Amino acid sequence: NNTNDNRPDNSDKMHDDDPRGQFTWLKIILSEARRNQSRAVIVGHISPSVGSFRHTQLWKTEYIQRYYEIVGQFNDVVMGQLFGHIHTDEFRLVDGADK
């Protein structure tokens, strides 16, 4: 998953609701995992969150919403999410109860 496409400042994909078909791809992969009774860990470069240094949103709002919608639909499959980019050691917990 190339999460660089999800950045707010990525003008190449400003009007794309599914950059490079990544959300469609993610749903297909997670559906296959569910069908096979497997589990998945999602790994990406830029997290769908607010950055630690500038405290700015790292993904476009609509992409964050879509991503968490998908992850919520597959909460029985997704066992974890690992992201980098922020250059610090930190853990963030996402409460999916209201998603």
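Residues numbered from 1 in each chain as written. Predicted model: local features only at pLDDT ≥ 70, side-chain atom pairs only at ≥ 80, totals over all residues. Heavy atoms only, no water.

A. Spotlight on the overall build of the protein. Regarding its fold elements, the protein presents two helices and two strands. When the 99 residues of the protein are sorted by exposure, 33% land in the buried category. Of all intrachain contacts in the protein linking residues separated by at least 6 positions in sequence, the fraction that spans at least 24 positions is 68%. Roughly 6,800 Å² of accessible area belongs to the protein as shown, and the carbon and sulfur atoms make up 50% of that amount. (Helix = DSSP H or I, 4+ residues; strand = E, 2+ residues; numbered from the N terminus. Buried < 20%, exposed > 50% of the residue type's maximum accessible area, 1.4 Å probe, protein only. Contact = heavy atoms within 4.5 Å. Areas by Shrake-Rupley, 256 points an atom, 1.4 Å probe, with all protein chains shown as cover.)

B. A look at a nonpolar patch on the surface. A surface patch of nonpolar side chains, amounting to about 390 Å² of accessible area, comprises Val-41, Val-43, Met-79 and Leu-82. Breaking the nonpolar patch down by element, the ones donating at least two residues are β1 (40-44) and β2 (78-83). Counting through the fold element by element, Val-41 comes out in strand β1. (Patch = residues over 30% accessible without salt bridge, like charges linked within 9 Å, V, L, I, M, F, W, Y side chains within 5 Å. Salt bridge = Lys/Arg side-chain N within 4 Å of Asp/Glu carboxyl O.)

C. Main features of the packing of helix α1 (residues 22-35) against helix α2 (residues 61-73). Across the interface, α1 lies against α2 with an axial gap of 10 Å and an inter-helix angle of 10°. In terms of axis orientation, α1 runs roughly parallel to α2. Contacts between α1 and α2 pair Phe-23, Leu-26, Lys-27, Leu-30 and Arg-34 from the former with Tyr-63, Arg-66, Tyr-67, Ile-70 and Gln-73 from the latter. Counted by class, the contact of α1 with α2 contains six nonpolar, one polar and three charged residues. (Axes fitted to C-alpha atoms, helices over the stretch in contact; angles between N-to-C directions. Parallel < 35°, antiparallel > 145°, perpendicular 65-115°, else oblique. Nonpolar A, V, L, I, M, F, W, Y, C, P; charged D, E, K, R; others polar.)

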